[in-house]
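Structure assessment
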Amino acid sequence: MGEVLEINGPIVSIRLPSVLNGEQVRLGRLSLIGEVIAREGDQALVQVYESTEGMAPGERVEALGHPLSVELGPGLLGQIVDGVQRPLHALQAESGDYMARGIQVPALDRDTLWPFLPSETLAPGDTLTGGQILGTVQETPSILHRILVPPGFEGELLELAPPGNYRLEQAVGRARTRDGNTVKLYLYQRWPVRVPRPYGKRNDAARPLMTGQRILDTFFPLLKGGKGSVPGPFGAGKTILQHQIARWSNADIVIYVGCGERGNELVDILDSFPRLTDPYSKRPLMERTLLVANTSNMPVVAREASIYVGVTIAEYYRDQGYDVVMVADSTSRWAEALREVSGRLGQMPVEEGYPAYLASRIAAFYERAGRVETLAGNTGSVTLIGAVSPPGGDFSEPVTSHTKENVQVFWALSKELADARHYPAVDWNESFSGYVTEAARWWAQEVDADWEAARSKAMALLAEDRELSRIVNLVGPEALSSAQRWTLQAATLIREGLLQQNALDPVDSFCSPQKQYALLALMLEIHREGTRLLARGVPVQRLLAMPLLAQALRLKHTYSSDQLAELLEFGNEIRGALAPLHSEYGHSAEDPP
Amino acid sequence: MSIAEFRTASVARGGLLYMRAVPDVGLGERVLVRDHANRTRNGQVIRTGPDVVLIQVFEGTDDLDLERTWVRFLDTPFQMPLAPTVLGRVFNGVGAPADQRPPLVSALKRDVNGAPVNPAARAYPKEFIQTGLSAIDGLNSLVRGQKLPVFSSSGLPHNRLVAQLVRQARLPGDDSGFAVVFAAMGISHSDARFFRESFDDSGVLRNLVMFVNLADDPPIERLILPRTALTVAEYLAFDLDLHVLVVMTDMTNYAEALREVATAKGDVPSRKGYPGYLYSDLAEIYERAGRIRDRHGSITMVPVLSMPSDDITHPIPDLTGYITEGQIVLGRELHHKGIYPPINVPPSLSRLMKDGIGADFTREDHAQVATQLYASYARALDIRNLASIIGAEELSQIDRQYLAFAEAFEQRFVGQGEDEDRSIVETLTLGWDTLSMLPKSELTRISEKDLARYHNGHEQDSAA
Ligand SMILES: Nc1ncnc2c1ncn2[C@@H]1O[C@H](COP(=O)(O)OP(=O)(O)O)[C@@H](O)[C@H]1O
Ligand SMILES: [Mg+2]
């Protein structure tokens, strides 16, 4: 037992001999939980996950003997938990609509009976090692939960429970460790959140994460196991983009971490996901989703923890052989929580008040992404996507710049595009993807051999568009040649007919890879055919007046991903609309260019 | 312990009072500070330890004589008494009466800091509020339970806009209206008078609670004022089932008071001298807006702030925009053109509009009209810019149509009278009138079905 010495917001200094760095402690009358972040002699500094209001010096402190850990087992999916994994629905039942303090509810429900099927290849006497699959539980209709031997364990299986329904606290196995102790095995385990979970080895041969968002998948692709970030000023569309990824990406599991952002954005997910279906499994989205919520008005220290809670759960499903996507909105709030704690500790700030270890923390966080061979010999992946909220939209600030150094995909959102309601406001000039070559292999195999060339052509048109627009803004549109004016028009088709995608439109919200390519190819075909006609002397005004162009811009929200054949029909309309021009200018449309 | 008075003040500076050797004081505890003239000031403990207890004094620490300063620790947090009779009252920041009437007494008292709402207990705000202002209703709709600030600048008519909004806000087809909680922080006497008269005219006085800290009142009191006000708003909304509209002005004065105390405490500054925790601090205030599942009332919040040097990237508007559910931005350029309300449309946003409009609340074409107006106006502003470089006569026919569209949009759609209360249908009709100045082929954000129905007033034709 120790005592509280001084209280400075969420930082409390205590006297408690022999407590360890990182150890959890329980403080005061309210039984608040905190974590030791520094020690000196018999004193220690604790960051507290809940408001310390009302706490007084002299109150008692008790060490709990373990670091901040999460419970991992069936019952995670479909839940919403706070930054230290307290289940919010259960908390509400316990303490009402407002967050009461000092309430401890286990993360995983202890009363649920789970249908356990033991692994058929295991028998008593077999050697057990960490990460091995003991059996399975159908966690939700779409997800089969693989019950894993806790990492680090080595020993011999003594007994494995028969198929049947078990609660979390009922053992489903017994084993003898190397040093002769008998231990019980359960459907769940704990893991300290600040320690990455072990795996066999990294395996980088990855496939693209398809998000159903054209500008992401076609222009700046991300891979399963990759690292991406979404920086942008407020209102540019970071949250909607992350919601879209959580909705439509072809991952098995989605962990959504609401880190220091709005409460209503989580309610939006809680309300809509059970009603939306995963386009691949056709199951309700909530069955594969877990929400971690520490909203902006919740305690700042738990905000710092929430990111690690999320990524640890992501790793746990990866270890079962799943492709997991974790989106974190926003990593800037996590960095600010670090800054606040470091400021209260009186640590020397280096840039904009941030501590010197900001860069290494960001790097270490993104290192937890990756595609791996699991300890059980499967492959699984964790894809990390972090929103960044730069003050004043200034990308040179520390969190954005350190993040940029650590990610392979950078979806930079622009205020100008958002102000013109061009969403997603991903700025094609500022964004990058380091995965285009890998993605191209997949597209060529699965969709069309010409994908990479078509993508490059579209990018080139956008680059030309930028140059030409600059000229127009200096000297006016009359200075452009016919071909250049046609290029501007083609760029408009790409920008408005392809890149722009309305998340709120039921048809446009999700776009399959096939539809993405079809739209791209159609826009390029209009450009190519028009260029041929220009070469034959057709005045550019005639081309620009074609009703076809406005129709092309409406394709994306006219035909859903299931109406590919109808969409491709538009190719005939292009040829039909151009045929009169061809004959008028003395050639048949069938002529070689 | 609540009886004893301590006379161990060691330093008084910038609104902070440092006390030595006061045992077992709780964080956040309320204190009374008695000065040499026997006047009482209110304070709150913001750091506590065996050696030093730090107190923030809401009336400031000016001319405290440390030898003759007595401090009483009340062993309770700062609380606001709550009763239905709170309606119609005026208070200062710490909840003391400012209307020459007796203090509010009630057995029910709540800690003004409140507690965070459990995110799982929230209900998503959806119900469209008609403010009668086209630039808001048509393009940036407000819904019950939303927090939608007004970003303004000195000399712009934000007071008139907010007064009009309070006067006109209602749910279409529902006349019950709102109870209003008005939180004034550091505003001038004449602005305070303007609001009082305008509330009087609109007949909301009986449903109004005011918390007033004027420009010449102690600045540190501004730190607790919005918390006191929101404690009352929560009571009205979630105990008495009322729909509450909270107006808080001016949040810039709040943030400046916060900076003052942070600087005095020696907190590490982040941008422009504001402490790194300004974001979390503002969020504790703004996130108190909203709806709660299975409770009838709601808190809709309209904070007003002035952007220092018209700069939207300044930390105060910036952090606010990162927390609130959109923003209504006022622009000097429109104001100079004589347009009221001078709502600068491109940077304005309502994030909760998407679920609060459409066939269920307004009309099925609403979302498309709004997006199209935004997109066309953005295009028109580019062209206006181009015209200023190369001259309007160099523009193509279609570009000139865009210029005319922009004029009409600003003058007729955004611009309206201070007493003009437009229905949402009138707003949408005006929207279509302006869009119809452009050919259909330019309106690709709108479905062909709606174009056929509404472009060039076809709806009226078919109805006739
Ligand atoms: N892809 C999109 N489609 C349609 N609207 C969008 C899209 N992205 C953003 N928006 C609009 O922009 C608003 C702000 O987006 P949000 O993601 O909340 O921004 P941020 O998180 O960057 O502040 C949303 O409320 C929505 O109205
Ligand atoms: Mg956001």
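Just so it is clear, the structure is predicted and the values come from calculations on it, not from any experiment.

Below, the discussion takes up the side chain of A:R371. All names here are of chain A. As for its placement among the helices and strands, R371 is situated in strand β27 (residues 370-373). In this structure, R371 is buried with no salt-bridge partner, the nearest side chain bearing the opposite charge being D323 at 5.0 Å. Each residue touching R371, except ones within four places of it in the same chain, is listed here: R202, N203, D204, A205, A206, K224, G225, T379, G380 and S381.

Residues and elements named next belong to chain A. Taken in spatial order, the four strands of this open sheet run β10-β13-β15-β16, and their pairing is antiparallel. Among the strands making up the open sheet, the edge pair consists of β10 (127-129) and β16 (182-185). Strand-to-strand twist of the sheet, defined as the mean angle between neighbouring strand axes without regard to direction, takes the value 45°. Pairing of strand β13 (residues 154-160) with strand β15 (residues 173-177) involves five bridges; the strand directions are antiparallel. When the bridges of β15 are listed, L160 appears paired with G173.

Contact residues are listed per partner, giving 76 residues for chain B and 75 residues for chain A. Where chain B packs against chain A, one counts three salt bridges. A:R554 serves as the salt-bridge partner of B:E448, at 3.4 Å between the closest nitrogen and oxygen. Counting the contacts that link chain B with chain A gives 28 residue pairs in polar contact (both at pLDDT 80 or more).

Before going further, it helps to spend a moment on the site of ligand 1. What surrounds ligand 1 is a group of 15 residues, the closest being A:G235, A:K238, A:T239, A:I240 and B:R351. Mapping the residues near ligand 1 onto chains gives chains A and B. At 3.5 Å, a backbone N or O of A:Q501 approaches a nitrogen atom of ligand 1. For ligand 1, an oxygen atom lies 2.7 Å from a polar atom in the side chain of B:R351. Burial of ligand 1 by the surrounding chains reaches 93%, relative to a free accessible area of 560 Å². Looking at which element gives the most residues to the shell around ligand 1, the answer is helix α3 (residues 238-248) of chain A, with three residues. In the shell around ligand 1, the residues fall into eight nonpolar, five polar and two charged. In this structure, the shell around ligand 1 is formed jointly by two domains, domain 3 (202-446) and domain 4 (451-584) of chain A, each of which donates at least three residues.

This next bit is on empty space enclosed by the protein. The probe, sized like a water molecule, is rolled over the atoms to show the empty space still left. Applying the stated criterion to the full structure yields five cavities of 30 Å³ or more. Here the largest cavity defines a volume of roughly 140 Å³. Every residue lining the largest cavity is counted, 16 residues in all, and those nearest its centre are A:R339, A:P391, B:S270, B:R271 and B:L319. Of all the secondary-structure elements, those providing two or more residues to the lining of the largest cavity are α6 (331-344) of chain A together with β18 (269-271), β19 (274-275), α6 (278-286) and α7 (315-323) of chain B.

Parameters and conventions
- Each residue is numbered by its place in its chain's sequence as written, counting from 1.
- In the order they appear in the text, chains get letters beginning with A and ligands get numbers beginning with 1.
- In keeping with the predicted nature of the model, local features appear solely for residues at pLDDT of at least 70, side-chain atom pairs appear and are counted solely at 80 or more, and the whole-chain, interface and lining totals rest on all residues.
- Side-chain numbers here rest on the full set of heavy atoms in the structure, without hydrogens or water.
- By definition, any uninterrupted DSSP run of H or I lasting at least four residues is a helix, any uninterrupted run of E lasting at least two residues is a strand, and each is numbered from the N terminus.
- The rule is simple: take the accessible area with a 1.4 Å probe, protein chains only, and divide by the maximum for that residue type; under 20% is buried, over 50% is exposed, in between is partly exposed.
- Positive charges are assigned to Lys and Arg, negative charges to Asp and Glu, while His and the chain termini are left out of the count.
- Think of a salt bridge as a Lys or Arg side-chain nitrogen and an Asp or Glu carboxyl oxygen that are within 4 Å of each other.
- Any two residues whose heavy atoms approach within 4.5 Å are treated as being in contact.
- Pairing between two strands requires that DSSP report at least two bridges joining them.
- Here an axis means a line fitted to C-alpha atoms, over the contact stretch when the element is a helix, while the angle between two N-to-C directions is reported on a 0 to 180 degree scale.
- N or O atoms closer than or at 3.5 Å make up a polar contact, with two conditions inside protein: a donor-capable atom paired with an acceptor-capable one, and, for residues adjacent in sequence, both atoms drawn from side chains.
- Only a single heavy atom is needed: when it lies within 4 Å of a molecule or strand, its residue is near that molecule or strand.
- In this description, accessible areas are obtained by the Shrake-Rupley approach with a 1.4 Å probe, and a residue is regarded as covered only by the protein chains that are shown.
- When residue character is reported, Ala, Val, Leu, Ile, Met, Phe, Trp, Tyr, Cys and Pro are called nonpolar, Asp, Glu, Lys and Arg charged, and the others, Gly included, polar.
- These domain limits were set by an automatic method or by a database of domain assignments.
- Method remark: on a 1 Å grid restricted to protein atoms, a set of points is classed as a cavity if a 1.4 Å probe fits but cannot get out and as a pocket if it is open with protein on both sides within 12 Å along at least five of seven lines; lining residues have an atom within 4 Å of a point.
- Grid points are joined across faces, edges and corners, and a volume is the space filled by probe spheres set on the points.

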